[in-house]
Amino acid sequence: MTLLPRLLAAYRARGYEIASGLNPAHWDGFDLAPFTWLVKDGQSVTNGLGIALGEVIFLEHLLAAWPARRILVIGNSFGWSALALGLAAPHGARLVALDAGLDPFSEEGLSLTEDMAHELGLHVRAVKGFSPQAVPALMAEHFPDGLDLVFVDGLHTVEQVEKDWRAVAPFLARPGAVLFHDVRNCGLEPGMAAVGAAAGQMPRLLEATASGMAILAHDLPPEAEAVLDAYSLSEGARAAVEAGLRWRRNRRWERLKRSIRKRWPGRDQKAAG
Ligand SMILES: C[S@@+](CC[C@H](N)C(=O)[O-])C[C@H]1O[C@@H](n2cnc3c(N)ncnc32)[C@H](O)[C@@H]1O
């Protein structure tokens, strides 16, 4: 059974309404529509929106194929992804979520996350601190035996994602993985290139995730690699989708030219030029 009913029920029991997984095409192209909005008394309380519904399902698929037991989340906000990971992980897994408390409500999100985790029977700690500075002490206290999975969803800058990776890389076990949120959405590809150059292996882009995640994974079992394949795009498939997009753009342009020609005969050459 999927983790979604337990995750949704935990927030609803505290009076939150949830919007997640909406299609931007149905919302006037609104790029934040797929992500998770927690709403209380009609007001969004998640300035740092949670991962999208489909990304929760991706995590569930990944952890079903590779049951990571020691998990660090950088960027907790209201605990949505931390609790999703906690529910997806095997019984007895340990998870720590770190948040600097920068976004409005993110500080109260820490105690909320711990309280809800307790109710759900999960070993989740939510602690205040800045990555990368807080990572070494956090590791010594909570994960002296190393980490299996790190989910990076804190400050979304090119420099910061490399810093986050450098902070956790020495503690990563084999098999192990660092998963980066919002790579495509926030233009973090140069950060991934820097991580790839330092690691000697490029993070893999997961195009079928709503934010365009990327993962740097080492020695995962074949079942987990198959999950990553399902969320990736081969070169041939990419070319076909790009051709479809070009056809769609071209058709729109042709329609626009026809309509200009109809309304103002003789002006379409000007518009086309
Ligand atoms: C996009 S939100 C995280 C959303 C969360 N992962 C989820 O799915 O519910 C980003 C969070 O990162 C925190 N943050 C920003 N910079 C940080 C840093 N250097 N270290 C730790 N947390 C940081 C912010 O306070 C904010 O709560």
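The present account deals with the structure reproduced in this document. For clarity, every value in this text was computed on a predicted model and none was experimentally measured.

A closer look at the overall build of the chain
Across its full length, the chain holds ten helices and ten strands. The C-alpha extent of the chain, read off along each of the three principal axes, is 75 × 50 × 35 Å. Taking as baseline every contact in the chain between residues at least 6 positions apart, the subset at least 24 positions apart corresponds to 67%. Carbon and sulfur atoms provide 54% of the accessible area of the chain, an area that totals close to 13,800 Å².

A closer look at the pattern of salt bridges
Counted by the stated rule, this structure contains twelve salt bridges. Residues Arg 14 and Glu 119 are paired through a salt bridge, measuring 2.5 Å at the closest nitrogen-oxygen approach. Residue Arg 14 is located in the loop between helix H1 (4-12) and strand S1 (17-19), and its partner Glu 119 is located in helix H4 (residues 106-120); the two are separated by 105 residues in the primary sequence. Assessed through its relative accessible area of 55%, Glu 119 is described here as exposed. With a closest N to O distance of 2.8 Å, Arg 125 and Glu 114 form a salt bridge. Here the residue Arg 125 occupies a position in strand S6 (residues 123-128), and Glu 114 occupies one in helix H4, the gap between them amounting to eleven residues.

Thoughts on a nonpolar patch on the surface
Together, Leu 22, Trp 27, Phe 30 and Leu 32 line one region of the surface with nonpolar side chains, adding up to about 350 Å² of accessible area. Along the chain, Leu 22 turns up in the loop between S1 and strand S2 (37-40).

Focus on empty space enclosed by the protein
Inspection of the entire model under this criterion finds one cavity of 30 Å³ or more. Counted as a void, the largest cavity has a volume near 40 Å³. A breakdown of the residues in the lining of the largest cavity according to their chemical character gives four nonpolar, three polar and two charged.

Description of a positive patch on the surface
Taken together, Arg 248, Arg 249, Arg 251, Arg 252, Arg 255, Arg 258, Lys 262 and Arg 263 make up a surface patch of like positive charges. Turning to its location among the elements, Arg 252 is positioned in helix H9 (residues 235-263). For Arg 252, a relative accessible area of 53% puts it in the exposed group.

Some points on the sheet that holds strand S4 (residues 70-74)
The strands making up a sheet associate through hydrogen bonds between their backbones, and the pairing can be parallel or antiparallel. A sheet is described by the order of its strands in space; here seven strands give the open sequence S6-S5-S4-S7-S8-S10-S9, paired in mixed fashion. Bordering the open sheet on either side are S6 and strand S9 (204-206), each of which pairs with just one other strand. Looking at each pair of strands side by side, their axes are set apart by 20 degrees on average, direction ignored. With six bridges joining them, strand S5 (residues 94-99) and S6 adopt parallel strand pairing. Among the inter-strand pairings, Val 96 is bridged to a residue of S6, identified as Arg 125.

Criteria and thresholds
- Residues numbered from 1 in each chain as written.
- Predicted model: local features only at pLDDT ≥ 70, side-chain atom pairs only at ≥ 80, totals over all residues.
- Heavy atoms only, no water.
- Helix = DSSP H or I, 4+ residues; strand = E, 2+ residues; numbered from the N terminus.
- Contact = heavy atoms within 4.5 Å.
- Areas by Shrake-Rupley, 256 points an atom, 1.4 Å probe, with all protein chains shown as cover.
- Salt bridge = Lys/Arg side-chain N within 4 Å of Asp/Glu carboxyl O.
- Buried < 20%, exposed > 50% of the residue type's maximum accessible area, 1.4 Å probe, protein only.
- Patch = residues over 30% accessible without salt bridge, like charges linked within 9 Å, V, L, I, M, F, W, Y side chains within 5 Å.
- 1 Å grid on protein atoms, 1.4 Å probe; cavity = no way out; pocket = protein on both sides within 12 Å on 5 of 7 lines; lining within 4 Å.
- Points joined across faces, edges and corners; volume = space filled by probe spheres on them.
- Nonpolar A, V, L, I, M, F, W, Y, C, P; charged D, E, K, R; others polar.
- Lys, Arg positive; Asp, Glu negative; His and termini not counted.
- Charge placed at Lys NZ, Arg CZ, Asp CG, Glu CD.
- Pairing = 2+ DSSP bridges.
- Axes fitted to C-alpha atoms, helices over the stretch in contact; angles between N-to-C directions.

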